[in-house]
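Tertiary structure, described
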Amino acid sequence: DKYEYINSLYNEHYLQMLDMDRKKNFVGTNIITLDLCSAPSGFSSYFLHKSANNKGVGISLQIEQGGLPNMLIDPRYKFYYKNILDDKNEIEKIIKEYEFDLIVHGCHDMTEEKSFYKETKHAELKLWLSAFRLGITQLKKSGMYLFKIT
């Protein structure tokens, strides 16, 4: 069922970040994160659980456009349903007030109708580049940008 899938994805992302952080110890205790294509927000959940001082912003595709629901409700986390390709100006307004210590970027094309492999790869590349351009402008010089590629 769809709820079980979303919950398992949330837990999987949380555990992936926990595992990476245990190995590399890169998630600080007073950081601001940007989670692009964040829903169901498992990565952000880990960041917030790491420290009560951590804060975050999540942006993800609207559910009616094929996105997933946000599972993280926390006053330190501001979540927005926005389409990275169509709502670029709105997203820029949201993130311009921050300098992010850590950006995690796990975007992939959520469209269900993928008629040709080439078209799908082109759409995914466009999405990745758009998300990267949005995020990189607000990353601190000492910050870290993580890409989830699988």
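In the block above lies the structure referred to throughout.
A brief look at the structure comes next.

Criteria and cut-off values
Residues numbered from 1 in each chain as written. Predicted model: local features only at pLDDT ≥ 70, side-chain atom pairs only at ≥ 80, totals over all residues. Heavy atoms only, no water. Helix = DSSP H or I, 4+ residues; strand = E, 2+ residues; numbered from the N terminus. Contact = heavy atoms within 4.5 Å. Areas by Shrake-Rupley, 256 points an atom, 1.4 Å probe, with all protein chains shown as cover. Polar contact = N/O pair within 3.5 Å; in protein donor to acceptor, adjacent residues only side chain to side chain. Pairing = 2+ DSSP bridges. Axes fitted to C-alpha atoms, helices over the stretch in contact; angles between N-to-C directions. Buried < 20%, exposed > 50% of the residue type's maximum accessible area, 1.4 Å probe, protein only. Right-handed = clockwise from strand over helix to strand, strands pointing away.

A few points about the overall build of the chain
- Along the backbone of the chain there are four helices and five strands.
- Going from N to C terminus, the chain has its helices and strands arranged as α-β-α-β-β-α-β-α-β.
- The contacts in the chain between residues at least 6 apart in sequence include a share of 62% that link residues at least 24 apart.
- Accessible surface computed for the chain: about 9000 Å², of which carbon and sulfur atoms make up 53%.

Here we look at the side chain of His-105
- Relative to the elements of secondary structure, His-105 occurs in strand E4 (residues 100-105).
- Within polar-contact distance, the side chain of His-105 engages the side chain of Tyr-145 at 3.0 Å.
- Beyond its immediate stretch of four places on either side in the chain, His-105 contacts Leu-36, Trp-128, Ala-131, Phe-132, Tyr-145, Leu-146, Phe-147 and Lys-148.

Quick word on the sheet that holds E4
- Read from one edge of the open sheet, five strands run E3-E2-E1-E4-E5, paired in parallel fashion. Each end of this open sheet is capped by a strand with a single partner; those strands are strand E3 (77-81) and strand E5 (139-147). Across the sheet, the mean angle from the axis of one strand to that of its neighbour is 15°, orientation sign disregarded.
- As paired elements, strand E2 (residues 55-60) and E3 share five bridges and run parallel to each other. Across the sheet, Gly-58 pairs through a bridge with Phe-79, a residue of E3.

A look at the pairing of strand E1 (residues 32-36)
- Counting buried residues in E1 gives four out of five residues, a clear majority hidden from the surface.
- Pairing of E1 with E2, which is carried by five bridges, proceeds in the parallel orientation. Across the sheet, residue Leu-36 finds its bridge partner in E2, namely Ile-59.
- Of the crossover connections in this fold, the one passing from E1 over helix H2 (residues 42-50) to the parallel E2 is right-handed.

Quick word on the pairing of E4
- In terms of residue burial, E4 counts as a mostly covered element, since six of its six residues are buried.
- Sheet topology note: the E1/E4 ladder contains four bridges and is parallel. Its bridge partner being in E4, Asp-35 is matched across the sheet by Val-104.
- Relative to E5, E4 runs parallel, the two sharing five bridges.

Digging into unusual backbone geometry
- Here Ala-39 and Pro-40 are connected by a cis peptide whose omega angle stands at 15°.
- As for its position among the elements, Pro-40 is in the loop between E1 and H2.
- Positioned with a positive phi, Cys-37 is a non-glycine residue whose angle comes to about 60°.
- Mapped onto the elements of the fold, Cys-37 is located in the loop between E1 and H2.
- Positioned with a positive phi, Ser-41 is a non-glycine residue whose angle comes to about 80°.
- Along the chain, the position of Ser-41 falls in the loop between E1 and H2.
- A relative accessible area of 0% means that Ser-41 is categorised as buried.

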